[in-house]
Structures are given as C-alpha cells and as structure tokens.
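Observations on the model geometry
This is what each chain is made of:
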Amino acid sequence: MSKPTTLVTGAAGFIGSHLSKALLKEGHQVLALDDLSGGFKENLPQGVSWIQGSVNDHLLVDSVFKDFRIDYVYHAAAYAAEGLSHFIRRHNYQNNLIGSVNLINASIRCSVKCFVFFSSIAVYGRGQVPLDEETIPRPEDPYGISKLSVELDLAAAHDLFGLPYVIFRPHNVYGEFQNLNDQFRNVVGIFSRQLLLGEPLTIFGDGSQRRAFTYVQDILPACIACLKNTKSHGQVFNLGSDMPVTVLQLANLLIQISGISSTVNHLPERHEIIDAFSSHKKAEAFFGSFPKTDFEDGIEKTWAWAKNQKISIRSLPFEVEISQNLPPSWAKLLKP
Ligand SMILES: NC(=O)c1ccc[n+]([C@@H]2O[C@H](COP(=O)([O-])OP(=O)(O)OC[C@H]3O[C@@H](n4cnc5c(N)ncnc54)[C@H](O)[C@@H]3O)[C@@H](O)[C@H]2O)c1
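I will try to describe carefully the structure that is included in this document. (Residues numbered from 1 in each chain as written. Predicted model: local features only at pLDDT ≥ 70, side-chain atom pairs only at ≥ 80, totals over all residues. Heavy atoms only, no water.)

Section: a negative patch on the surface
Counted only if it meets this: A residue counts toward a patch only above 30% relative accessible area and without a salt bridge, and it is joined to like-charged neighbours within 9 Å or, for Val, Leu, Ile, Met, Phe, Trp and Tyr, to nonpolar neighbours within 5 Å. Residue burial considers only the protein chains on display, and all accessible areas are found by Shrake-Rupley using a 1.4 Å probe. Within this document, salt bridges are pairs made up of a side-chain nitrogen of Lys or Arg and a carboxyl oxygen of Asp or Glu, the two lying within 4 Å of each other. When charges are tallied, Lys and Arg are placed among the positive residues and Asp and Glu among the negative ones, while His and the ends of the chain are skipped. Each charge is placed at NZ for Lys, CZ for Arg, CG for Asp and CD for Glu. The numbering of helices and of strands both runs from the N terminus, where a helix is a DSSP run of H or I of at least 4 residues and a strand a run of E of at least 2.
Negative charge collects at one region of the surface, where Asp294, Glu296, Asp297 and Glu300 lie side by side. Inspection of the secondary structure assignment puts Glu296 in helix α9 (residues 295-306).

Spelled out as structure tokens, the structure:
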C-alpha cells in the first residue's frame, strides 16, 4: 500500500515538528509547509519534504495541492500570541484566519480525507472551569476569535462540501523544541530564557493565574488516532493535562529544577483570563486514555533540553498595529 501524503503546516514549529516526527513513524510521507516566522529549520525532522512559504500565499498553497496528491492536512501554522493579538489584529486575522481559509479552499477542491485543525481553548474566553466542549465559546481576544472562526468555517465546509475535519483545542503545551526566543508567548519558554540570561522571571500580577500545562508528547496519540477514528470526524476535542497549577508554581518549579538562583519580578496585571483549563472526558471517550506526564517530570525533561539552547531574540516579523494599552513591559520591548 502506498504511503499517505500528509501536509503539516507549521512543521518547523514546536507542536508541528513533534507531530511530523510521529507521522513519519506512522508511515506517512510528510510535506512540511512553514515560513519560519516562528519556527526553525533545525526543528524539521529528517525525512520530511519542506516547502518554505506562507499559508497566506494562496497561489503557493494551491500549487502545493496541485503538485502533490494530499491525503491529510494538519494545520498547525499560526502566530499564537494570545495576549499580543489585541495589538496585531490585522496580522492575527490575516495569518490565523485567512491563511487557514486558503488551506480549507484547497482541501475542498482536492477532496482531502481529513483536515485536522489546531484550535485552542482560547475560543472559550472566560467560563466555568474545567471548560468542556459544551461550553458556549465566547473568545475575548483576536487570537481566540480567529480560531473559533476557522472552526465555524470548517463546519460550513463540511456541510456543503463534505470536507471531513477534526478540531483539537490544546492548551499550554510545553516541551523540547519550544521557541525560547519569543518574548510574547509561552510562559515556559519565557521563564526558561530568563533563567538562561540570568534575569528575574516576570509575572503579570500575583501569579495566581491557573493553567494546566501539557507535555507535548501527551497530545500526539489523539492527534494521530483521529485519522482512522472516523467517528471523531466533525468533532471538537479539548486536549491536554487535567492538572491546573499557578504560574507562580511554575516559576518556582523552574527555579528549583534549574538550580539557578533567580527571583520573581511581579509586573502590573494585564488583561487576561485568570483560570483557563479544560476537561478531557470527550477526547478520552473517543481515543481512550492518553499519556499524562507528571508536571515535574515534563518540566525536568524540558529544562534538560532548554539549558543547552542558545538564546537569540528575533524581532517580530510584523508591525505592532495598536500601541494604546500595551502593557508597559511590552511597549519597552517593542520600541524601535
Ligand atoms: N503551544 C501551545 O500551547 C498551543 C496551545 C493551543 C493551540 N496551539 C496551536 O497549535 C499550533 C502550533 O503551535 P506551536 O506552539 O507549535 O507554535 P509555533 O510558533 O512553535 O509553531 C507555529 C509554526 O507555524 C509557522 N507559521 C506561522 N505562520 C505561518 C504562515 N503564515 N505560513 C506558514 N507557516 C507559518 C511558524 O514559523 C512556526 O514554525 C498553533 O496553531 C497554535 O495556535 C498551541
């Protein structure tokens, strides 16, 4: 039997690179589409075919689908800076919504067998925790709005054109190959970088925000299983750890594990949701129980990798569109 050809967008990024490796292991031929705006060429696993380019370029997307007979699409490309998305609204919608629509159009035309979309629990906004899939989504930031819009567009594409799809809403995923150089997203990456640079760890507010940090390997089995599990097609799943911890706990754990004497610098609160974690009963009902790496073990593994990384902060590959109400610490970073 010939190998399925699977397009992974964002494959040079954190989740996309782990996923690509897992797909190769499953016998897929993996095509990686990534513009390296947030990813790294070195993250691309050996064996993938890489096309450098943006999902925003619909002519490129169409040509990829013309040149290859694509069976499956995993769409993980995005700029996932939830808090910053208020200030880069156009970039957010262009990259995360219109870029996704380019892929959905091509997938409909080419009768893709399943389109797997990495959404986010940011679609829920503030709600009763643990958030479950029955919760009515009310996203509060442009990032969450773009993710929910793509979810709705996929449902419409299924209804009219029969495009099979699965939506995963992961949360606070961390692990090896996470970008440590982005100053605006992923608190595990930000804290790791600050430790490596000998800087205090910065927390907005008192650090009581609760998140369920999820080790990246734990989300992969469901992401792979959904292709064959056709009952999961047309469904939305929360995906991640069940154990909420505070951001302050995370900071203290990283300081302890790294053995670096550091302090925590509390910054003024910013506009953010205090409690964001979800239930995973639905994913378990469809895919069985998935691995649940102990939080300390996962952070230990991540630090063992992070401590050997070189830090080199890149400037953002786009402009900040709105400067009003930017947290002062961000305004400082974004000064030309
Ligand atoms: N990491 C998390 O905790 C988390 C949580 C929920 C959802 N997600 C979603 O999972 C997906 C992957 O997230 P990640 O943490 O691996 O992010 P990441 O930044 O490490 O990876 C994203 C990749 O997409 C690429 N990319 C961005 N815009 C692109 C474009 N227009 N065209 C082509 N490539 C582009 C980047 O270069 C990068 O390699 C994203 O869709 C994100 O919204 C992540």
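Focus on the sheet that holds strand β3 (residues 49-52)
The condition that has to hold: A pair of strands counts as paired when DSSP detects no fewer than two bridges linking them. Here the axes come from fitting lines to C-alpha atoms, over the contacting stretch only for helices, and the angles between their N-to-C directions go from 0 to 180 degrees. Here, two residues are considered to be in contact whenever any of their heavy atoms come within 4.5 Å of each other.
Across the sheet, seven strands lie side by side as β3-β2-β1-β4-β5-β6-β11; this open sheet has parallel pairing. The strands lining the two open edges of the sheet, one partner per strand, are β3 and β11 (235-239). Across the sheet, the axes of successive neighbouring strands diverge by a mean angle of 15 degrees, strand direction being ignored. Pairing geometry for strand β1 (residues 5-9) and strand β2 (residues 29-34), over five bridges, is parallel. Its bridge partner being in β2, Thr5 is matched across the sheet by Gln29. The sheet strands contacting helix α3 (residues 89-109) are β1, β4 (72-75) and β5 (114-118), and the helix crosses β5 at an angle near 170 degrees.

Describing the packing of aromatic side chains
Geometry of an aromatic ring pair is reported as the spacing of the ring centres plus the angle between the planes. To keep things clear, this is the line we draw: We call Phe, Tyr and Trp rings a pair once their centres come within 6.5 Å, taking the six-membered ring for Trp, and we label the pair stacked below 30 degrees between planes, edge-to-face above 60, and tilted otherwise. Placement of a positive charge over a ring is assigned whenever Lys NZ or Arg CZ falls within 6 Å of the ring centre and within 35 degrees of the normal to the ring plane.
In the structure shown here, the tally under the stated rule is twelve aromatic pairs. Of the aromatic side chains, those joined through ring pairs into one cluster are Phe168, Phe237, Phe286 and Phe287. Over the ring of Phe290 we find Lys292, and its NZ or CZ is 5.3 Å from the ring centre. Over the face of the ring belonging to Phe40 we find Arg314, whose NZ or CZ atom lies 4.2 Å from the ring centre.

As for the site of the ligand
As a reminder of what qualifies: Neighbouring residues are identified by heavy atoms, a residue being near a molecule or strand if any of them is within 4 Å of it. Polar contact is defined as a pair of N or O atoms within 3.5 Å, subject to the rule that within protein one atom must be able to donate a hydrogen and the other to accept it, and that residues adjacent in sequence are counted only when both atoms are side-chain atoms. Side-chain classes are defined by residue name, with Ala, Val, Leu, Ile, Met, Phe, Trp, Tyr, Cys and Pro counting as nonpolar, Asp, Glu, Lys and Arg as charged, and the others, Gly among them, as polar.
Taken together, 29 residues lie near the ligand, and Ile15, Asp34, Asn95, Tyr143 and Val173 sit nearest. Interatomic distance of 2.9 Å between a side-chain N/O atom of Lys147 and an oxygen atom of the ligand. The protein chains hide 97% of the 820 Å² of surface that the ligand would expose on its own. Of all the secondary-structure elements, those providing two or more residues to the shell around the ligand are α1 (14-25) and α4 (142-161). Tallied by class, the residues present in the shell around the ligand amount to 13 nonpolar, twelve polar and four charged.

Overview of the pairing of β11
To keep things clear, this is the line we draw: Each residue's exposure class comes from its accessible area (1.4 Å probe, protein chains only) as a fraction of the maximum for that residue type: buried when under 20%, exposed when over 50%, partly exposed otherwise.
Most of β11 is tucked away: four of the five residues are buried. Both strand β6 (residues 165-170) and β11 contribute to a ladder of five bridges, which runs parallel. Within β11, the position partnered with Ile167 by the bridge is Val236.

Thoughts on the environment of Trp330
In this fold, Trp330 is placed in helix α10 (residues 328-334). Of the residues examined, Trp330 reaches a relative accessible area of 4% and is grouped as buried. Each C-alpha atom, one on Trp330 and one on Phe286, is 41 Å from the other, the two residues being 44 residues apart in sequence. Contacts of Trp330, omitting those with residues within four sequence positions, involve Gly83, Leu84, Phe87, Gln183, Phe184, Phe204 and Arg270.

Quick look at unusual backbone geometry
Cis peptide bonds are those with omega within 30 degrees of zero, and the linkage from Val129 to Pro130 qualifies with -5 degrees. Relative to the assigned elements, Pro130 resides in the loop between β5 and α4. Phi at Leu36 is positive, roughly 60 degrees, even though this residue is not glycine. By the secondary structure assignment, Leu36 is in the loop between β2 and β3. For Asn325, which is not glycine, the phi dihedral falls at a positive 65 degrees. Tracing the backbone shows Asn325 in the loop between α9 and α10.

Here's the deal with the sheet that holds strand β9 (residues 210-211)
Spatially, β12-β9-β14 is the arrangement adopted by the three strands of the open sheet, whose pairing is mixed. Looking at strand neighbours, the two that pair on one side only are β12 (245-246) and β14 (275-276), the edges of this open sheet. Bridging between β9 and β14 involves two bridges; their strand directions are parallel. Bridge pairing in β14 places Arg210 opposite Asp275.

Re the nonpolar core
To keep it simple, the criterion reads: For our purposes a nonpolar core is just a set of buried Ala, Val, Leu, Ile, Met, Phe, Trp, Tyr and Cys residues, chained together by side-chain atoms within 4.5 Å. The domain boundaries here were taken from an automatic or database domain assignment.
By size, the foremost hydrophobic cluster in this structure holds 33 residues, and its most contacted members are Leu19, Tyr74, Phe168, Cys226 and Leu239. Element by element, the count of residues in this core is highest for helix α6 (residues 216-225), at six residues. Here this core spans two domains, and each of domain 1 (5-173 + 215-239) and domain 2 (174-211 + 243-315) adds at least three residues to it. Non-local contacts of Phe168, meaning those with residues more than four positions away in its chain, are made with Val116, Phe117, Phe118, Ser119, Ser120, Ala222, Cys223, Cys226, Phe237, Leu239 and Phe287. Leu31, Phe65, Ile70 and Val150 belong to the second-largest nonpolar core, a separate cluster that totals 26 residues.

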